[in-house]
There are 2 protein chains.
Amino acid sequence: MAPSDHDCPLSRKLRTHMPLARADLAILADLHARRRTYPAGADMIFEGQAAHPLYILYEGWASSYKLLADGTRQILDFQIPGDSLGLNSMLFQTADHNIEPITDIVASEIIIGDVAGFYASSPTLATALLWAAARDQAMVVEHLINVGRRDAQRRTAHFLLELGARLILVGRGTRQGYDCPLSQYLLADALGLTAEHTNRVLRQLRQDGLVTFRDGRVVFDDLEGLIKLADFDMGYLDHGVLLR
Amino acid sequence: MAPSDHDCPLSRKLRTHMPLARADLAILADLHARRRTYPAGADMIFEGQAAHPLYILYEGWASSYKLLADGTRQILDFQIPGDSLGLNSMLFQTADHNIEPITDIVASEIIIGDVAGFYASSPTLATALLWAAARDQAMVVEHLINVGRRDAQRRTAHFLLELGARLILVGRGTRQGYDCPLSQYLLADALGLTAEHTNRVLRQLRQDGLVTFRDGRVVFDDLEGLIKLADFDMGYLDHGVLLR
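Reading guide: rules and limits
- The numbering scheme is per chain: residues are counted from 1 as the chain's sequence reads.
- The naming scheme follows written order: chains are lettered A onward, ligands numbered 1 onward.
- Local features in this predicted model are restricted to residues whose pLDDT is 70 or higher, and side-chain atom pairs enter the listing and the counts only when it is 80 or higher, whereas totals over whole chains, interfaces and linings include all residues.
- Side-chain descriptors were evaluated using all non-hydrogen atoms of the structure, hydrogens and water having been removed beforehand.
- Contacts between residues were defined by any pair of non-hydrogen atoms, one from each residue, lying within 4.5 Å.
- Buried area is calculated as the accessible area (1.4 Å probe) missing from two parts once they are joined, with the contributions of both summed.
- Throughout this description, the term salt bridge denotes a Lys or Arg side-chain nitrogen within 4 Å of a carboxyl oxygen of Asp or Glu.
- Helix and strand assignments come from DSSP, with helices taken as H or I runs of at least 4 residues and strands as E runs of at least 2, each series counted from the N terminus.
- Under this grouping Gly is polar, as are all residues other than the nonpolar Ala, Val, Leu, Ile, Met, Phe, Trp, Tyr, Cys and Pro and the charged Asp, Glu, Lys and Arg.
- Relative accessibility under 20% of the residue-type maximum defines a buried residue, over 50% an exposed one, and the middle range a partly exposed one, all with a 1.4 Å probe and only protein chains included.
- Our superposition of the copies is a least-squares fit, built on the C-alpha atoms of residues whose pLDDT is at least 70 in both.
- The pairing criterion for strands is at least two bridges between them, as found by DSSP.
- Fitted lines through C-alpha atoms serve as axes, helices being fitted only where they are in contact, and the angles separating the N-to-C directions of these axes extend from 0 to 180 degrees.

- With an unreviewed UniProt entry as reference, chain A is termed Crp/Fnr family transcriptional regulator, source organism Pelagivirga sediminicola.

Okay, here's the thing in structure tokens:
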């Protein structure tokens, strides 16, 4: 059977949280039908933007980030297929961060009126979207802990494991590894490290036989060892056992 | 006029986002009527707890935190009057962090059925709560940037300004300063610093004539100077000009 619109990454993700009725799936399929391509490198949402739209990402990777006055950048998170872009600042007067595709992406634009409609027409879907927003927040919380309380090696290991767990959930990765378009610069700006430091840490993790990130692919050489090093507890992702 | 239930901190906070109808205010007053006291130091929600309740905080301060395997603690945020406790993990199978009162607090417990009811009976109130949840997330994002990209002095300055802006919003602070029950240990665990380092930074900020935190009170000695040092932009708090 060829994958249908009902197998879109968002649907896969939401169904791990709760069963969706035929009407809910039809709404998702309708969103999916509206998808189009957005180029890498062009901000889709920018800090200070009023009344910005919301997007559902189907293919490719994006990043949410803030720029500081001194020119440094903190990446808050990366978005992968099935994730939303802009859900959390949708109710704000202006967006509080930027969102930029890292690769060319395929996404559907949703207007705030659509979302309001979900609450009337499909409370289940509305609740599932709230769950997804809460999960996004839980990841930012974990990134705060990463940067605040984990050394560079554990922090990097934790981040690569989290991406793995998220990608497995939407069918884009396995316990062996996943394709990853992130440069060392992007990874460094997410981890609060310099690119050079990130480089050294990745080399050490590889030499220790734990994980190899090279040529656009992350390979888990010793998944259990990496989980142990990072003290990786998937509870905050709120879905079943994927990596363990 | 004595403060009525309609002047409760939550109502003050939500009304900065959108006007609330009489029916919305009546729901808030009903929640308010159910308030009771919870003692300092006893977790109200703990990591891994299934089906935990949600609380609205009326008086006192709480903290949300995670413990790491090595015994260190990262404080995610402090909650002040008008904030919710547990809103973001309410839809999770289990809570992804702990919540503990720092002082004795007054709070109302809300069960998830109540919240579901809001979406039917008062979409405005439901949207206002979503906004409050998004604002909570924006603060965690800002704390990530604090720890990842700001040096200890700017980080501390930014944190004290954020607390000031939040407290002014609910009538618990002014441009001159605010009462603050945080110990150096709590502040350190929020900032990702040691207590000794936090101490040194606070002394330096005081000697520079910017801000004094002593005897349970934060005094803005030079508010404009502090805002400039911290590069503090209130946009992420999504309410009007309070500190500027």
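Now that the structure has been shown, we can carry on.
### Looking at the interface of chain A and chain B
So, step 1. Across the boundary between the two partners, chain A contributes 44 residues, which contact 44 residues of chain B.
So, step 2. Between chain A and chain B, the buried area comes to about 3,800 Å², and carbon and sulfur atoms account for 64% of it.
So, step 3. Summed over the shared surface of chain A and chain B, the result is four salt bridges.
So, step 4. Across the pair aspartate 189 of chain B and arginine 149 of chain A runs a salt bridge, and its minimum N-O distance is 2.9 Å.
So, step 5. For the side of chain A that touches chain B, the secondary-structure elements that each account for two or more residues are strand E4 (73-79), helix H4 (123-149) and helix H6 (184-191) of chain A.
So, step 6. Take the side of chain A that touches chain B: its biggest share by element is 18 residues, from H4 of chain A.
So, step 7. Classifying every residue of the side of chain A that touches chain B gives 20 nonpolar, 11 polar and 13 charged.

### Here's the deal with the side chain of threonine 156 of chain A
So, step 1. In this structure, threonine 156 of chain A sits in helix H5 (residues 152-169).
So, step 2. A relative accessible area of 1% places threonine 156 of chain A in the buried class.

### Overview of the relation of the copies chain A and chain B
So, step 1. In screw terms, the move from chain A to chain B is a rotation of 180° and a rise of 0.0 Å along the axis, fitting with an RMSD of 0.0 Å. Accordingly, the operation relating the two chain copies is best matched by a two-fold axis. Considering only C-alpha atoms, the residue of chain A closest to the rotation axis is leucine 144 of chain A, which sits at 2.3 Å.

### Details of the sheet that holds strand E10 (residues 217-220) of chain B
Residue and element names in this part refer to chain B.
So, step 1. Strand order in the open sheet formed by three strands is E8-E10-E9, with antiparallel pairing between adjacent strands. Two strands bound the open sheet, and with one partner strand each, they are strand E8 (177-179) and strand E9 (211-214). Direction aside, neighbouring strands of the sheet carry axes that sit 5° apart on average.
So, step 2. Here three bridges tie E8 to E10, and the two strands are oriented antiparallel to one another. The residue bridging aspartate 179 from the neighbouring strand is arginine 217, located in E10.

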